[in-house]
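Here is how the chains run, residue by residue.
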Amino acid sequence: MSLPLHDYQRYGRQMIIDGFGLPGQLRLRAASVAVVGAGGLGCPALQYLGAAGVGRLAIIDHDRVELSNLQRQILHNEETVGMYKAESAALALRRVNAELTIDVHTTALTPENAIALLQPYDIILDCTDNMPTRYLLSDAAVALGKPLVSGAAQKLEGQMCVYNLGAQGPCYRCLYPVPPPRAAVGTCEELGILGAVTGIIGNMQALETIKIIVGVNDPTPMLLLFAALGTPPFRSIKLRARKPTCPACSSPTGQLASVTSTDYVQFCGGPNPNWLEQGLLPGGTGHRVLPKDLQDTISSGKPFKIIDVRPSIEYGICKLPGSENVPLKNILSCPEKIISDNANSGDLYIVCRLGNDSQLAAHALRQNSSGTIIKDVIGGLRAWSSQIDPEFPIY
Ligand SMILES: Nc1ncnc2c1ncn2[C@@H]1O[C@H](COP(=O)(O)OP(=O)(O)OP(=O)(O)O)[C@@H](O)[C@H]1O
Ligand SMILES: [Zn+2]
C-alpha cells in the first residue's frame with residue numbers, strides 16, 4: 001500500500017515521527033471520525049484532524065454561526081455568520097485539504113438518529129455543550145462499541161477524556177452515574193469561556209484521536225484536567241476499568257434499544273427553564289415589567305432607582321445611567337439592607353443581563369419589603385437593547 005505522491009510531501013513531517021511512518025499515515029487516511037458539535041471544541045478538533053489527513057470526517061451540528069461565536073470557534077468567520085456551523089466548518093476544512101471526505105449534517109444528534117448517524121465512523125468526538133447530549137453520546141458509543149473522545153470547557157478550565165476505550169474502558173456513566181442538578185449547570189453564555197481554553201481542549205481531543213488511530217495511545221484511559229490559572233495547569237488521573245454495576249457499559253443486552261427509548265432531557269433535569277416566558281417566581285401583579293415600563297418611568301420624572309444585580313465585572317462592561325450595582329449574591333445575603341437603604345428611592349427596578357437573576361433578587365427583596373414596589377425587568381438588559389436602545393451593548 002502506498003499514498004498518492006503529493007501526500008508524502010504533505011504529511012512527511014508527521015510520517016517521520018517514531019511510531020507513525022507510512023503505516024500510520026495510511027491508517028489516518030483510512031480512518032473515519034464523527035465530530036458532534038462544530039463550536040469551541042469542535043472547530044480546533046476538526047481543524048487538526050483534517051490537516052493531519054483523517055480520510056473521512058462527519059460534522060454534526062444543527063446551529064448557525066453567530067458573531068459571538070467567532071471569539072473561539074475558529075473555523076467560522078465574518079462571512080459565514082448565519083450559515084450552518086457544519087457547512088461553515090466544512091468550507092474551512094476543504095480550503096486546507098480538498099481531498100477530505102466530509103459528511104455534513106445540519107441536524108442535531110437525537111436519540112432517534114444517533115445510532116444511524118454515528119454507525120459509519122470509527123471514533124466519535126463529543127464537542128457539545130450540554131448534559132443530555134453527553135449521556136446520549138456515551139450510550140450510543142457503548143452501543144456501537146466505539147471510543148468516545150470527550151471534551152468540555154468553561155471559563156478558564158476544561159477537561160478531556162476518552163470513554164469506552166477498548167474492552168475495559170469506562171463510559172461516561174461509569175464516572176457520572178447521575179447528572180448534576182439542573183441549576184448547577186451553566187452555559188458558556190452564562191459563565192463565559194476563553195477561546196484559547198477551548199483551543200487547548202479541542203486540540204487535545206484531536207491529538208488523542210490521532211494517537212488512537214495510529215495506535216500509539218496508552219491503553220489505560222486518563223481524565224485530563226486543565227485550569228489556565230492552576231499551578232500546574234495540567235493534571236491527569238488514570239481511570240479505573242468499567243464499573244460492573246454500570247447500567248450502560250456493563251449491561252449485556254438492550255443498549256441499542258435504550259438509546260432510542262431514553263428521554264435524555266428529562267434524565268438531566270428537564271429542559272432549560274425558559275424563565276423569560278414562564279416567570280421564575282411569582283412577582284405580584286404588574287411587578288414583572290417590560291423595558292418600556294422602565295423607559296416610561298425614566299421620562300416621567302417620578303422617583304425611581306435602578307438596581308443592577310450583575311457581577312461587578314459585567315457592570316463594568318456597560319450599564320444604564322444612574323443605576324447602582326448590587327450583585328445578586330449581596331442582595332441575597334442581605335435583602336433587608338437594600339430595602340432600608342432605598343426607603344425613599346421610589347420604585348425599585350431590578351435589572352440583570354438576561355432577566356433571570358433579577359427575578360431571584362426581586363423575589364428576595366419583595367419578601368423583605370413592606371411598602372416599596374419592586375419591579376424586575378423582563379429579559380433584562382438584552383431586552384432593553386433590542387426593545388428600547390439599540391446602542392446599548394449586547395454581550
Ligand atoms: N445534540 C446536539 N447535536 C449536534 N450539535 C450539538 C448538540 N448539542 C450541542 N451541539 C452543538 O455543540 C456546539 C457547542 O459549542 P459551543 O458551546 O462552543 O457553542 P454555542 O452553543 O454556540 O455557544 P454559546 O453558549 O456561546 O451560544 C454548538 O455549536 C451546538 O450547536
Ligand atoms: Zn459505564
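Residues numbered from 1 in each chain as written. Chains lettered and ligands numbered in written order. Predicted model: local features only at pLDDT ≥ 70, side-chain atom pairs only at ≥ 80, totals over all residues.

**Quick notes on the overall build of the chain**
Here is step 1 of the chain: Helix and strand counts for the chain stand at 18 helices and 13 strands.
Here is step 2 of the chain: Oriented by its inertia axes, the alpha-carbon framework of the chain measures out at about 85 × 50 × 40 Å.
Here is step 3 of the chain: When burial is assessed residue by residue, the chain has 38% of its 395 residues classed as buried.
Here is step 4 of the chain: The contacts in the chain between residues at least 6 apart in sequence include a share of 69% that link residues at least 24 apart. (Helix = DSSP H or I, 4+ residues; strand = E, 2+ residues; numbered from the N terminus. Buried ≥ 20, exposed ≤ 12 C-beta atoms within 10 Å, placed from the backbone. Contact = placed C-beta atoms within 7 Å.)

**Comments concerning the nonpolar core**
Here is step 1 of the chain: Val35, Leu46 and Ile59 are the most contacted members of the largest nonpolar core, which totals 67 residues.
Here is step 2 of the chain: For valine 35, the contacting residues outside a window of four places in its chain are Gly42, Ala45, Leu46, Leu57, Ala58, Ile59, Leu125 and Cys127.
Here is step 3 of the chain: Counting 21 residues, the second-largest nonpolar core is a separate cluster that includes Ala362, Ala364, Ile378 and Trp384. (Core = buried A, V, L, I, M, F, W, Y, C linked by C-beta atoms within 7 Å.)

**Points about the domain arrangement of the chain**
Here is step 1 of the chain: Split into domains, the chain comes out as domain 1 (31-267) and domain 2 (275-387).
Here is step 2 of the chain: Between the C-alpha centres of domain 1 and domain 2 there is a distance of 39 Å. (Domains from an automatic or database assignment.)

**Quick look at the pairing of strand S2 (residues 56-60)**
Here is step 1 of the chain: For S2, the buried fraction is high: 4 of the 5 residues fall into the buried class.
Here is step 2 of the chain: With respect to chirality, the unit in which strand S1 (residues 32-36) leads through helix H3 (residues 42-52) into the neighbouring parallel S2 is right-handed.
Here is step 3 of the chain: In this sheet, strand S3 (residues 101-105) lies alongside S2 in parallel orientation, the contact comprising 5 bridges. Note that in S3 the partner of isoleucine 60 across the bridge is histidine 105.
Here is step 4 of the chain: Note that the unit made of S2, helix H4 (residues 85-96) and S3 has a crossover that is right-handed. (Right-handed = clockwise from strand over helix to strand, strands pointing away. Pairing = 2+ DSSP bridges.)

**A few points about the site of ligand 1**
Here is step 1 of the chain: Ligand 1 sits among 22 residues. The nearest are Gly37, Gly39, Gly40, Asp63 and Asp129.
Here is step 2 of the chain: Along the lines of polarity and charge, the residues of the shell around ligand 1 split into 6 nonpolar, 11 polar and 5 charged. (Near = placed C-beta within 6 Å. Nonpolar A, V, L, I, M, F, W, Y, C, P; charged D, E, K, R; others polar.)

**Observations concerning the UniProt feature "active site" (unreviewed entry) in the chain**
Here is step 1 of the chain: If you check UniProt for "active site" (unreviewed entry), the listed places come out as Cys188 and Cys352 in our numbering.
Here is step 2 of the chain: Structurally, cysteine 188 is set in helix H8 (residues 188-191).
Here is step 3 of the chain: Classification of cysteine 188 as partly exposed rests on a count of 17 C-beta atoms within 10 Å.
Here is step 4 of the chain: Other than its neighbours up to four places away in sequence, cysteine 188 contacts Gly40, Asp129, Gln154 and Ile193.
Here is step 5 of the chain: By secondary structure assignment, the location of cysteine 352 is in the loop between strand S12 (347-351) and helix H17 (357-368).
Here is step 6 of the chain: Apart from the residues lying within four places of it in its own chain, the contact partners of cysteine 352 are Val309, Arg310, Asp357, Ser358 and Gly380. (UniProt positions renumbered as here; feature names shortened; annotations may be inferred.)

**Examining H3**
Here is step 1 of the chain: Most of H3 sits inside the fold, with 9 of its 11 residues counted as buried.
Here is step 2 of the chain: Residues of H3 that are buried: Gly42, Cys43, Pro44, Ala45, Leu46, Gln47, Leu49, Gly50 and Ala52.
Here is step 3 of the chain: A positive backbone phi angle near 95° is found at glycine 53, which sits one or two residues after H3.

**Things to note about the pairing of strand S6 (residues 157-163)**
Each regular strand displays side chains that alternate between the two surfaces of the sheet.
Here is step 1 of the chain: Burial analysis of S6 places 5 of its 7 residues in the buried class, which makes it a mostly covered element.
Here is step 2 of the chain: With 7 bridges connecting them, strand S5 (residues 148-154) and S6 associate as antiparallel partners. Across the sheet, alanine 153 pairs through a bridge with glycine 158, a residue of S6.
Here is step 3 of the chain: Here S5 folds back onto S6, and the loop between the two strands holds 2 residues, one of which, lysine 155, carries a positive phi near 50°.

**Here we look at the sheet that holds S5**
Here is step 1 of the chain: Spatial ordering of the open sheet is given by S3-S2-S1-S4-S5-S6-S7-S8, a layout of 8 strands whose pairing is mixed. The sheet is open, and its two edges are formed by S3 and strand S8 (234-238), each paired on a single side. Ignoring which end each strand starts from, the neighbouring axes of this sheet average 15° apart.
Here is step 2 of the chain: The sheet contact formed by strand S7 (residues 222-227) and S8 spans 5 bridges and is antiparallel. Each bridged residue has a counterpart across the sheet, and for leucine 224 the counterpart in S8 is serine 236.
Here is step 3 of the chain: Where H4 meets the sheet, it contacts S2 and S3, and its direction lies at approximately 165° from that of S3. (Axes fitted to C-alpha atoms, helices over the stretch in contact; angles between N-to-C directions.)

**Considering the environment of glutamate 78**
Here is step 1 of the chain: With respect to the element layout, glutamate 78 can be found in the loop between S2 and H4.
Here is step 2 of the chain: Residue classification places glutamate 78 among the exposed positions, given that 8 C-beta atoms sit within 10 Å.
Here is step 3 of the chain: Along the chain, glutamate 78 and lysine 211 lie 133 residues apart, while their C-alpha atoms are 33 Å from each other.

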